[in-house]
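What follows is the residue order along each chain.
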Amino acid sequence: MALQECGLNLNGASKELQPHGSLEFPCAGYASRHTDRQEDIIPWHWHEEMEIVSMKSGQMEIKIPSKSFFLQKGDCVVINANMLHYGAAVGECELRSLVFSPALIAGNEDSVFLKKYMQPLLACSSFCGYFIKAGNHEKVTHWFNCAFEALANDCCGYEFIVREKLSRICLFLYGELKPQAETGDIPLNQDNLRIRKMLAFIHKNYADPISVPEIAGTAGVSERECLRCFQKTIQLSPIQYLLKYRIMQGAGMLLGNPADSISEIATLCGFDSPSNFSKIFKRFYKCTPREYRNLNADKC
């Protein structure tokens, strides 16, 4: 199995829709390069699969709700299933990742692998993301590299190799987190659930006037609790996130709808005036919307 094309396809609730692997072999590998430009940011998203990210070169900050990991060459982070996460390069970086369904390791729903190991691991509230520094737990890095290379090179029997190496990594994580895993905590904490609902509302309604009380109402919390939840989980206020999301949508429209005027795009992504759109766009992209469209004309 060759590596899959890297690219996010998200629904309104920030869930990734792109299938990772196949029903027969639910695992996919990705190799990608990123810069610190806005268009290279990996936006907040989640998927039902676990993910292991390894930094091949450069540096990247990966965030999950309430926690950040600063990855440098050789570092890895394992992100639990159903966990919101985000990535932004520091300068330029190259990363490799494996995204896989826990079912690849666990087998059927009656298996000992699921009941004794994977379910407690997936349900461990302290397992949101597990960071592995380069030079520490080198066996884990070795297992990841073996699995990634076997999949990328489509070598004979790669399915066995990938499953075996990922199983070793999951068993390692279970051993590290066993005290917490045995408590049987729910896999998604309250803040993670709430922020998902509020982000889904923003993504669906970003073109309309939106207030903080409306955002808070979608999660059934007060305005104050909404502000706290946003700041704790993604380190932005609701309005800051809304503006950033509108601008990112606007950047996509500038290239995807070349016949539309700047004024029309400003309205489509929720701004009350073209001048306000241009002002905030320049703050994020360091150029005006017109300059951005001209610089990326080959992508239109």
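The structure contained in this document is the topic of the report that follows. None of the values given here were measured: they were computed from a predicted structure.

Quick notes on the rules
Residues numbered from 1 in each chain as written. Predicted model: local features only at pLDDT ≥ 70, side-chain atom pairs only at ≥ 80, totals over all residues. Heavy atoms only, no water. Helix = DSSP H or I, 4+ residues; strand = E, 2+ residues; numbered from the N terminus. Polar contact = N/O pair within 3.5 Å; in protein donor to acceptor, adjacent residues only side chain to side chain. Contact = heavy atoms within 4.5 Å. Phe/Tyr/Trp six-rings, centres within 6.5 Å; stacked < 30°, edge-to-face > 60°. Buried < 20%, exposed > 50% of the residue type's maximum accessible area, 1.4 Å probe, protein only. Lys NZ or Arg CZ within 6 Å of the ring centre and 35° of its normal. Salt bridge = Lys/Arg side-chain N within 4 Å of Asp/Glu carboxyl O. Core = buried A, V, L, I, M, F, W, Y, C linked by side-chain atoms within 4.5 Å. Expected span 1.5 Å × (residues − 1). Pairing = 2+ DSSP bridges. Axes fitted to C-alpha atoms, helices over the stretch in contact; angles between N-to-C directions. Parallel < 35°, antiparallel > 145°, perpendicular 65-115°, else oblique.

### Quick word on the side chain of Arg293
The residue Arg293 is located in helix H11 (residues 289-295) in this model. A distance of 3.0 Å separates a polar atom in the side chain of Arg293 from the backbone oxygen of Asn257. Beyond its immediate chain neighbours, meaning those up to four positions away, Arg293 contacts Met253, Leu254, Leu255, Asn257, Pro258, Asp260, Ile262 and Ile265.

### Observations regarding the packing of aromatic side chains
Enumeration over the complete set of coordinates arrives at 14 aromatic pairs. Between Phe25 and Tyr158, the ring centres sit 5.6 Å apart and the planes meet at 90°, which makes this aromatic pair edge-to-face. In this pair, Phe25 is assigned in the segment before strand S1 (27-35) and Tyr158 in helix H4 (residues 158-181), connecting sequence segments 133 residues apart. Neither Phe25 nor Tyr158 differs from the other in exposure class; each is buried. The positively charged end of Arg196 is found above the aromatic ring belonging to Trp46, 3.6 Å away from the centroid.

### Observations regarding the pattern of salt bridges
Tallied over the full model, the rule gives 11 salt bridges. Here Arg33 ties to Glu94 by a salt bridge, and the two come within 3.5 Å at their closest N and O atoms. A residue pair is termed long-range when its members are at least 10 positions apart, and Arg33 in strand S1 and Glu94 in strand S6 (residues 85-100) qualify at 61 residues. Exposure remark for Arg33: the relative accessible area of 65% places this residue in the exposed category. With relative accessibility at 15%, the residue Glu94 sits in the buried group. A salt bridge links Glu164 to Arg168, with the shortest nitrogen-to-oxygen separation between them at 2.5 Å. With Glu164 and Arg168 both in helix H4 and 4 residues apart, this pair spans about one turn of that helix. Arg168 gets classed as partly exposed once you look at its relative accessible area, which sits at 40%. The network of salt bridges with shared partners includes Asp191, Arg194, Glu225, Arg228 and Lys232.

### Some remarks on the nonpolar core
Judged by nonpolar contacts, the single largest core of 40 residues is most densely connected at Phe230, Phe277 and Phe281. Mapped by element, the contributors of at least two residues to this core are S6, helix H5 (190-205), helix H6 (212-218), helix H7 (223-234), helix H8 (238-256), helix H9 (262-268) and helix H10 (274-285). Here this core gets 8 residues from one element, more than from any other, and that element is H8. Beyond its immediate stretch of four places on either side in the chain, Phe281 contacts Ile247, Ala251, Leu254, Lys286, Cys287, Thr288, Pro289 and Tyr292. Formed by 35 residues, the second largest nonpolar core is a distinct cluster that contains Cys27, Tyr130, Val162 and Cys170.

### Structural notes on H5
For H5, with 16 residues, the first-to-last C-alpha span of 23 Å sits near the 22 Å given by 1.5 Å per residue. Every buried residue belonging to H5 is among Asp191, Asn192, Arg194, Ile195, Arg196, Met198, Leu199, Ala200, Ile202, His203 and Asn205, and all of these are buried.

### A few points about the pairing of strand S4 (residues 67-71)
Sheet topology places strand S3 (residues 50-64) next to S4; 5 bridges connect them, and they run antiparallel. Bridge pairing in S4 links Ile64 to Lys67.

### Digging into the environment of Lys178
Note that Lys178 resides in helix H4. Classification of Lys178 as partly exposed rests on a relative accessible area of 37%. Taking the C-alpha atoms as reference points, Lys178 and Cys124, separated by 54 residues in sequence, lie 8.7 Å from one another.

### Some points on the packing of H5 against H7
Describing two packed helices takes the angle between their axes plus the distance from one axis to the other. Interaxial distance between H5 and H7 falls to 10 Å at its minimum, and their mutual angle equals 100°. Taken together, H5 and H7 sit at an angle that is classed as roughly perpendicular. Every residue of H7 that contacts H5 at Asp191, Arg194, Ile195, Met198, Leu199 and Ile202 is listed here: Glu225, Cys226, Arg228, Cys229, Phe230, Lys232, Thr233 and Ile234.

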